[in-house]
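Spelled out from the first residue to the last, the chains are:
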Amino acid sequence: MKYGFFDDQAREYVITRPDTPLPWINYLGSDGFFSLISNTCGGYSFYRDAKLRRITRFRYNNVPADDGGRCFYICDGDTVWSPAFLPARTPLDRYRCRHGLGYSVFEGAKNGVSAALTVTVPIDTSMEVQRLTLKNESDQEKKLTVYGAVEWCLWNAVDDATNFQRNWNIGEVELEGSTVYHKTEYRERRDHYAFYSVNAPIAGFDTDRDSFLGQFRGWREPLAVEQRTSFCSVASGWAPIAALRLELTLAPGEEKTLLFRLGYVELPREEKFTALNVINKAPAHKLLAAFETEAQFNAALEALRTYWTDLLSRFTVRSSEEKLDRMVNIWNQYQCMVTFNMSRSASYYESGTGRGMGFRDSCQDLLGFVHLIPERARERIVDIASIQFADGSTYHQYQPLTKRGNADVGSGFNDDPLWLVACTCAYLRETGDFSILDAPTPFNNEAGTEVPLLEHLRRSVNYTVTHKGPHGLPLIGRADWNDCLNLNCFSLTPGESFQTCSNFESGKAESVFIAGMFVKYGTEYAALCDQIGLGTEAAEIRTQVAEMEKAVLAHGWDGEWFRRAYDAFERPIGSKDNEEGKIFIEPQGFCVMAGIGGEACGKKALASTERLLGNDFGIELLSPCYSEYHDYLGEISSYPPGYKENGSVFCHNNPWITLAWCKVRDGNAAFDLYTRNAPAYIEDKSEIHRTEPYCYSQTIAGRAAQNYGEAKNAWLTGTAAWSFVAVSQGILGVRPDYAGLVVDPCLPDSMAGCQISRLFRGTRYEITVRRGAEKGLTVDGQPIAGNTVPLTDAPLCRVTVTL
Ligand code: BGC
Ligand code: NOJ
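Residues numbered from 1 in each chain as written. Chains lettered and ligands numbered in written order. Predicted model: local features only at pLDDT ≥ 70, side-chain atom pairs only at ≥ 80, totals over all residues. Heavy atoms only, no water.

Q: I'd like a description of the site of ligand 2, backed by residues and values.
A: Close to ligand 2 lie Arg344, Arg355, Arg360, Asp361, Trp481, Asn482, Asp483, Glu645, Phe650 and Gln698, which account for all nearby residues. Residue Asp483 places a main-chain N or O atom 3.0 Å away from an oxygen atom belonging to ligand 2. Against a free-state accessible area of 290 Å², the protein chains account for coverage of 95% of ligand 2. (Near = heavy atom within 4 Å. Polar contact = N/O pair within 3.5 Å; in protein donor to acceptor, adjacent residues only side chain to side chain. Areas by Shrake-Rupley, 256 points an atom, 1.4 Å probe, with all protein chains shown as cover.)

Set out below in C-alpha cells:
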C-alpha cells in the first residue's frame with residue numbers, strides 16, 4: 001500500500017494523506033541553518049549543531065507524536081484548521097504534502113478556503129521562510145483569523161530538557177512590530193538570538209506559552225485561538241514562544257500571501273546591544289528585508305531548484321527501470337547530501353543531542369557525496385582527521401559546532417582509522433587534488449601538532465599493522481563497524497554504555513571484518529603511494545596486505561563463508577561451530593570486495609550469505625539471531641532477535657554485498673539485492689515498511705522479529721552513501737580513478753542497456769551501455785583496450801560500452 005506517489009518531473013514525493021505510518025520527514029537547509037520538517041509540518045530548526053544551537057523545541061517521545069513544530073491555525077467561522085493537518089487535527093477537505101529537494105509544500109483546504117504553505121531555508125541564509133497563501137475559493141467573503149507560532153528551545157537541547165530549576169527563570173524575548181525576538185541568555189554569554197516575524201502588520205501576539213495555550217491545553221487547541229484573540233503576553237521565564245495573529249478579509253476568489261520568517265543571528269560580542277540589554281537587531285532587519293516580498297521568495301525557490309539541477313546533473317542515468325532512475329537521479333543523491341550534513345546527529349530517531357559527527361560515519365558519508373561538492377568534502381576530511389590521535393587511533397565522534405572529539409564516547413574503535421583512507425582516496429580519485437595530502441592537520445585538534453594529512457593516512461594504516469592479535473588478525477578494540485560487537489566489554493551493569501565500558505581488556509579479541517578492510521584500503525593506500533612517488537612505502541604496505549590475506553585465509557575462512565571475529569578467549573564468532581551467530585554479513589561483504597580468496601571463495605561466501613541471510617528486504621546481519629544475552633558478545637546480544645544488529649536487515653552493509661556480487665561479476669544477483677530495499681522499489685509495501693519511501697532507513701526488522709519488514713531510523717545511515725556507491729560504481733560501473741574514468745557496468749540480464757551522464761574532472765562523459773556481439777569500449781568512436789577512459793581536457797567525451 002502507498003501513501004503517495006513520486007513526481008519525478010518535479011523531483012517531489014507527494015504524500016496524499018496525513019496519517020502516514022510514521023512522520024515522513026524532509027530536511028531544509030544546506031549549510032548553517034537546518035530544519036527537519038514532517039508531513040504534518042512538525043520538526044525543529046537548529047544552527048549548525050542540533051545540541052548546542054537548537055532554535056525551536058521538539059519533544060521526542062511526545063504523545064501524540066510529532067505535535068508542535070510550526071503551528072499554523074486558520075480560523076474561519078466556527079472552524080479552526082491547520083494547512084498541514086497538525087496541530088489542529090481538523091479533518092481537511094484536501095490535503096497534500098509535497099516533499100521536494102530542500103523545501104516542503106503543504107496544500108490544505110477547508111470550507112472553501114485553500115492554503116498553500118511552502119517552507120524552505122534559502123541557500124546561504126540563516127533563516128527558514130514559510131510562505132502561506134490563502135485563497136477564498138467560495139463565493140462568500142471570508143473573514144479569517146490566522147496564527148503562526150513556534151516554541152523556542154533554550155539553545156542547548158540537553159539543558160533545555162533537563163535543567164528546569166534554571167530554565168524556568170531565564171526565558172526572555174523582545175518585540176518589535178511584527179517580530180518576536182528570542183534572546184534567552186543573550187544578556188550574558190550568548191552572542192546569538194533568533195526571531196520569528198511576518199511581513200504584515202499583526203493584530204496581536206503572545207510570547208508566553210502558557211498564556212497562549214491556556215491551562216490543560218496543548219498545541220491542538222490553544223485558548224487564544226479558541227477565543228480568536230491574543231493575550232499580548234510577554235514571556236518572563238517559563239517557556240517563551242512566538243505566536244503571531246493576523247486578521248484577513250478575502251473577497252470571493254481573492255488570494256493573499258504572508259511570509260513568516262524564522263531566523264538566527266550571531267553577532268560580534270562588542271556589537272551585541274544597542275542599549276542596556278536591548279539587542280542589536282540590524283542583522284535581523286537585513287535578513288528580513290531579503291525576504292519581504294513574494295518575488296524574493298520565488299527567486300530563492302528558483303535558486304534552490306537550479307542548485308539541485310546542477311548538483312544532480314553530475315551523475316544521471318536513463319534506463320528502462322523507472323525506479324532505478326528515480327533513486328539514482330534524485331533521492332539517493334539527495335539523501336547523500338543530508339547524511340553529509342547531519343552525519344548521525346539529528347533526525348526523528350537521532351535526538352540531535354547524542355551522536356554528533358561520527359568518525360567512521362562521516363568518512364563513509366563522503367563516499368556518496370564527494371562527486372557533488374568536492375570542496376566541502378575536502379574541508380570535512382581535514383576536520384575528521386583533526387580528531388585523530390598521534391598513534392593513529394581516533395575519537396569516535398565530534399560535535400559539529402566545536403569540531404572537538406567527544407570524550408564521552410571515547411575512542412578505541414579499531415576500524416575507524418581505515419575509513420579515513422577510504423574517503424581520502426575517494427576524494428583523490430574524484431578530483432586529482434593531491435594538494436589535500438599536504439594540508440596541515442593537527443592531532444586531537446591541538447595547535448602545534450599539525451602534520452600533512454598524508455601522515456594521518458599513514459598512521460591510520462599503521463595502526464592496524466601494529467594492533468594485531470593471536471591469529472595475526474586486527475584487534476577489534478571497543479568494536480569495529482558493528483558497534484554492538486563489544487568483545488572486551490563484559491557488561492553486567494544496567495545502563496552502562498557498551499561502547500565505553502571495558503571490564504576485561506583481553507588484548508586478544510580480533511576482527512575479520514577489519515582484516516577485510518585492511519586488505520581493501522591498504523591496497524588503496526599503496527596505490528596512492530604509487531601515485532605520489534612513494535614506491536618503497538607502497539611495496540611495504542603490499543607486503544602487509546599479503547600477510548593479512550594469508551591470516552584471513554588461515555583463520556578467517558570457515559569453509560563456506562568468512563568468519564566474523566575471535567572473542568576474548570580466542571573462540572571464533574560467525575562460524576558453523578557456533579550455535580547462534582553462525583554467519584555474519586560484514587566479512588562477506590568486505591573480504592569479497594577486497595578479493596580475498598579470489599572468485600572461488602567469493603562466490604561461495606556470497607551463495608552462503610544469500611542462502612542463510614537473505615530475506616524479502618535484503619540480507620540480514622547475522623543468523624541465527626542470539627536468543628539470549630552474552631556478556632562476552634556485548635550489545636549485539638542485547639537486542640531481541642531480528643532487531644538492529646541482532647539479525648535485522650541492517651541496510652548499511654547490504655550494498656557491500658551488492659558490490660561483492662559485482663566483484664564476482666554476477667549482475668543479476670547484484671541488481672536483485674539492490675531492488676529488495678531500495679526505497680522506490682518497496683514503496684508499495686509502505687504499510688509494512690512504514691518509514692519514508694524516498695529515503696533509506698538504517699534497519700528493517702528481520703524474519704526473527706515480530707514486526708518483520710518494519711524499518712526504523714530513517715535518513716541518517718551509511719546506507720545512503722554505500723547504496724549510491726553500489727549502484728553508480730558497481731551496477732552501473734562508473735568509477736573515478738587516478739588515470740581516468742573506469743566504465744565497467746555489471747547489469748542484470750533484464751536490462752538491455754542504459755545512458756549515463758557523468759561529470760568528472762571538468763569533462764562530461766556521455767556513456768551508452770548496450771548489448772551486442774562486439775564487446776568492449778569505444779571512446780569518441782575509437783575502440784580502447786581495458787575499461788579506463790583516459791583523462792581528457794575536452795569538455796565532452798562520448799563512450800560506448802558493449803556488453
Ligand atoms: C546501535 C548502533 C549504534 C550504537 C552506538 C547501538 O545501540 O544499535 O547502531 O551504532 O548504539 O551509538
Ligand atoms: C550505527 C553507527 O552510526 C555506525 O557507525 C555503525 O557502523 C552501525 N550503527 C552498526 O553498528
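So, next bit.
Q: Can you explain the sheet that holds strand β9 (residues 94-100)? Please cite residues and give values.
A: Taken in spatial order, the ten strands line up as β1-β2-β9-β10-β11-β12-β19-β16-β15-β14 in an open sheet, and their pairing is antiparallel. The open sheet has two edge strands, β1 (4-7) and β14 (173-176), and neither has a second partner. When the angles between neighbouring strand axes are averaged without regard to direction, this sheet yields 15°. The sheet contact formed by β1 and strand β2 (residues 12-15) spans four bridges and is antiparallel. (Pairing = 2+ DSSP bridges. Helix = DSSP H or I, 4+ residues; strand = E, 2+ residues; numbered from the N terminus. Axes fitted to C-alpha atoms, helices over the stretch in contact; angles between N-to-C directions.)

Q: Tell me about the sheet that holds strand β35 (residues 697-700), and name the residues and values.
A: Taking strand neighbours across the sheet as the criterion, the three strands line up as β34-β35-β36 in an open arrangement whose pairing is antiparallel. Lying at the two open borders of the sheet, with one neighbouring strand each, are β34 (649-650) and β36 (711-714). The pairing of β35 with β36 spans three bridges and is antiparallel. Across the sheet, the residue bridging to Ile700 is Ala711, located in β36.

Q: Outline the packing of helix α14 (residues 585-593) against helix α15 (residues 598-613), supporting the account with residue identities and numerical values.
A: Interhelical geometry of α14 versus α15 gives an angle of 155° and a closest axis separation of 10 Å. Of the possible angle classes, the one that applies to α14 and α15 is roughly antiparallel. Note on packing geometry: the crossing formed by α14 with α15 is left-handed. Contact with α14, carried on its side by Ile585, Gln588 and Val592, involves Gly602, Ala605, Leu606, Thr609 and Leu613 of α15 and no other residues of that element. Looking at the contact of α14 with α15 residue by residue, the classes come out as five nonpolar, three polar and no charged. (Parallel < 35°, antiparallel > 145°, perpendicular 65-115°, else oblique. Left-handed = near helix turned anticlockwise from the far one by under 90°. Contact = heavy atoms within 4.5 Å. Nonpolar A, V, L, I, M, F, W, Y, C, P; charged D, E, K, R; others polar.)

Q: Can you explain the environment of Ile573? Please cite residues and give values.
A: Looking at the element boundaries, Ile573 is found in strand β29 (residues 572-573). For Ile573, a relative accessible area of 3% translates into the label buried. Between the alpha carbons of Ile573 and Val512 there is a distance of 9.6 Å; along the sequence they are 61 residues apart. Excluding residues that lie within four positions of it along the chain, Ile573 makes contacts with Leu487, Arg563, Arg564, Ala565, Asp567, Asn578, Gly581, Phe584, Tyr626 and Leu633. (Buried < 20%, exposed > 50% of the residue type's maximum accessible area, 1.4 Å probe, protein only.)

Q: Which residues make up the pattern of salt bridges, and what are the values?
A: Throughout the structure, instances matching the rule amount to 66 salt bridges. Lys2 is the salt-bridge partner of Glu683, the closest N and O atoms lying 3.8 Å from each other. Of this pair, Glu683 sits in the loop between α17 (667-677) and α18 (686-689) while Lys2 sits in the segment before β1, and the two are 681 residues apart along the sequence. A relative accessible area of 5% means that Glu683 is categorised as buried. Across the salt bridge formed by Arg360 and Asp483, the nearest N and O atoms sit 3.0 Å from each other. You can see Arg360 sitting in helix α8 (residues 359-367) and its partner Asp483 sitting in the loop between α11 (453-465) and β27 (510-511), a full 123 residues away along the chain. Looking at Arg360, the relative accessible area reads 2%, which means it is buried. Each of Arg57, Arg59, Glu151, Asp160, Arg209 and Asp210 takes part in a single network of salt bridges with overlapping partners. (Salt bridge = Lys/Arg side-chain N within 4 Å of Asp/Glu carboxyl O.)

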